[in-house]
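Next come the chains, spelled out residue by residue.
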Amino acid sequence: MSEGSSVIDLTSETSQEVIDLTEDDFDKAKSRLPPWILHSPYLCRQYPISAEQSSAGFTNFSRQDRLAMEIIAFYYQSVQPRHKLIEKLRVVHYLETYMWRHPSIKANICVVGSSVNGLGSQNCDIDLCLVDNSEMPDEVGDRDTALNTLRKVQRFLQKPASPVFKVKLIPARVPIIRCKFRLPWNYSVDINWNNVHGICNTHLLHHYSQVSSLKLTGICDSVNGYLSSYSWALLLIHFLQCGTQPPVLPCLQLMYPDRFSYTRRLKNLTFFKKLPSDAKSSNQQNVGELLANFFYYYGGFDFGRYTISVRLGSLLPRIEFSTPISIEEPYDCMNTARSLSHEIRFLVFRDYIRKAYFNLQSRQSLSSMYYFPSQTDENIS
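Everything numeric in this text was worked out from a predicted model, so none of it was measured. (Residues numbered from 1 in each chain as written. Predicted model: local features only at pLDDT ≥ 70, side-chain atom pairs only at ≥ 80, totals over all residues. Heavy atoms only, no water.)

Reading across the sheet, the three strands line up as β7-β6-β8 and stay open at both edges, with mixed pairing between neighbours. Each end of this open sheet is capped by a strand with a single partner; those strands are β7 (314-317) and β8 (327-328). Sheet topology note: the strand β6 (residues 306-309)/β8 ladder contains two bridges and is parallel. Bridging across to β8, Ile308 finds its partner in Ile327. (Pairing = 2+ DSSP bridges. Helix = DSSP H or I, 4+ residues; strand = E, 2+ residues; numbered from the N terminus.)

Have a look at this one:
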């Protein structure tokens, strides 16, 4: 990379360098895995095999662009390092071996969410999926089955020998158990039962994070007062697909339909491998410009007319209007923005988006985007 360059290719320079790993040669790569993880069918495919690379290549990056430099500094201060992911996998394996002792529940554990999708910060919690170890582990179970199973898991995790404590069952739309690992780890944990969609979208976002500059611009998911971090990530991916010319990101589900198919067996979903070079972008905007344009794009977006679809890399006409924003989940096609259901909160969200763009343009400082409007939820009945 030449001095003063304003483009970062994170497929070749990243704090979690990946290897070119396909399902066919996964058996060869097993020799590079630590012995303790080999018996975990899902965790072994989420282990970052290659060592961390030096960040020296970024030293002279765009020194004339203050905003871009601040974004890069924020990234290195916040991103989850490789050793932290390995530590999480080790402690999750400890929990998995404990769960294998359950007399009636036969399940393996897969890490989902920000810890492995490439968008996690140093302090992100651990999200886990207990995958039914039956003849049909890829089938999504119904909510009642999940609740009944998690009640059994809850009782088992409350035993003195359990590696977690403060175990609480939350009967949400996707039921979870919320708990914490005991010291010295002390990670907060959410555990679901057989939520296959969560595994698939984690696998998808992980590969988006390996393409172009998604990791650096992924700071937007820290502003999640009204939308989940997952919805913010989908907003970001859609913008990089459709809001820039040329696009920064392709539509991976259209480009590689077999690799990102919902019908693909879970045990064939491999993490930390490079995509072919045709997934790279020729976009020359730096991360500061992309961040400002992200807010510009959504500041004028017609949320009442369009559904955002990362699955198709396009906009879809809205057919359902129960919420102000419609963001399609890439696999089950449900609206991930259901949590933003109140019109006043939507207005606050839109006001923040527009003010963030104005502040970034006028001040060229990353800290300016954290300005929030003065409205509070006291106005929301």
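Turning our attention to the side chain of His93. Among the secondary structure elements, His93 is positioned in helix α3 (residues 82-99). A distance of 2.8 Å separates a polar side-chain atom of His93 from the backbone oxygen of Trp36. When residues no more than four places from it in sequence are discounted, the contact partners of His93 are Trp36, Ser40, Leu43 and Trp100. (Polar contact = N/O pair within 3.5 Å; in protein donor to acceptor, adjacent residues only side chain to side chain. Contact = heavy atoms within 4.5 Å.)

Taking 1.5 Å of rise per residue, the 18 residues of α3 would be expected to cover 26 Å, and the 26 Å separating its terminal C-alpha atoms lies within 8% of that figure. Burial analysis of α3 places 13 of its 18 residues in the buried class, the great majority of the element. (Expected span 1.5 Å × (residues − 1). Buried < 20%, exposed > 50% of the residue type's maximum accessible area, 1.4 Å probe, protein only.)

What follows covers unusual backbone geometry. If a residue is not glycine, its phi is most likely negative; likewise, a peptide bond is most likely trans. The omega torsion of the bond from Leu183 to Pro184 falls at 15°, within 30 degrees of zero and hence cis. Within the fold, Pro184 resides in the loop between β4 (176-181) and β5 (188-193). The peptide bond linking Gln245 to Pro246 adopts the cis configuration, its omega dihedral lying at -5°. Looking at the element boundaries, Pro246 is found in the loop between α7 (229-242) and α8 (252-255). Its identity as a non-glycine residue notwithstanding, Asn194 has a phi of 55°, on the positive side. For Asn194, the location among the structural elements is in the loop between β5 and α5 (196-209). Of note, Cys333 is a non-glycine position whose phi angle comes to about 65°, a positive value.

As a further point, take the sheet that holds β4. Taken in spatial order, the five strands make up an open sheet running β1-β2-β5-β4-β3, and their pairing is mixed. Pairing within the sheet leaves two strands with one partner each, and these edge strands are β1 (107-112) and β3 (164-170). Each strand axis lies, on average, 25° off the axis of its neighbour in the sheet, ignoring direction. Bridging between strand β2 (residues 126-132) and β5 involves five bridges; their strand directions are parallel. Bridge assignment links Leu130 to a residue of β5, and that residue is Trp193. (Axes fitted to C-alpha atoms, helices over the stretch in contact; angles between N-to-C directions.)

The next subject is the layout of surface pockets. If you add up the space inside the second largest pocket, you get close to 250 Å³. Along the wall of the second largest pocket there are 14 residues; nearest its centre are Thr307, Ile319, Glu320, Ser326 and Cys333. Within the lining of the second largest pocket, the residues separate by chemical class into five nonpolar, five polar and four charged. (1 Å grid on protein atoms, 1.4 Å probe; cavity = no way out; pocket = protein on both sides within 12 Å on 5 of 7 lines; lining within 4 Å. Points joined across faces, edges and corners; volume = space filled by probe spheres on them. Nonpolar A, V, L, I, M, F, W, Y, C, P; charged D, E, K, R; others polar.)

Relative to β4, β3 is paired through five bridges, and the arrangement is antiparallel. Across the sheet, Ile170 pairs through a bridge with Ile176, a residue of β4. Where β3 folds back on β4, the antiparallel hairpin that results is connected by five residues. Direction of pairing for β4 relative to β5: antiparallel, over a ladder of five bridges. Residue pairing in the sheet places Cys179 in a bridge with Val189 of β5. What sits between the antiparallel neighbours β4 and β5 is a turn of six residues, in which Asn186 has the positive phi angle 65°.

With their axes 12 Å apart at the nearest point, α5 and α7 run at an angle of 45° to one another. With respect to α7, the axis of α5 lies oblique. In this structure, the crossing between α5 and α7 has a hand that is left-handed. When α5 is examined against α7, the residues Asn201, Leu205 and Tyr208 are found in contact with a partner set consisting of Tyr230, Ala233, Leu234, Ile237 and Gln241. (Parallel < 35°, antiparallel > 145°, perpendicular 65-115°, else oblique. Left-handed = near helix turned anticlockwise from the far one by under 90°.)

With that settled, consider the environment of Phe272. With respect to the helices and strands, the residue Phe272 is situated in the loop between α8 and α9 (287-299). Taking C-alpha positions, Phe272 is 7.8 Å from Ile49, a pair spaced 223 residues apart along the chain.

Taking 1.5 Å as the rise per residue, α7 with 14 residues should run 20 Å; its terminal C-alpha atoms sit 20 Å apart, in good agreement. Here α7 lies mainly inside the structure; 12 of its 14 residues are buried. Within α7, burial applies to Tyr230, Ser231, Trp232, Ala233, Leu234, Leu235, Leu236, Ile237, His238, Phe239, Leu240 and Gln241.

Running from amino to carboxyl end, helix α2 (residues 66-78) crosses α9 at an angle of 90°, the nearest separation of the two axes being 7 Å. Between α2 and α9, the angle is such that the two are roughly perpendicular. The segment α2 lies against α9, with Leu67, Ala68 and Ile71 engaging Val287, Gly288 and Leu291. For the contact of α2 with α9, the residue count by class is five nonpolar, one polar and no charged.

Glancing now at the environment of Gln285. Topologically, Gln285 is positioned in the loop between α8 and α9. Judged by relative accessible area, which is 22%, Gln285 ranks as partly exposed. In sequence terms Gln285 and Pro246 are 39 residues apart; their C-alpha atoms lie 9.6 Å from each other.

These figures capture arrangement, not role.
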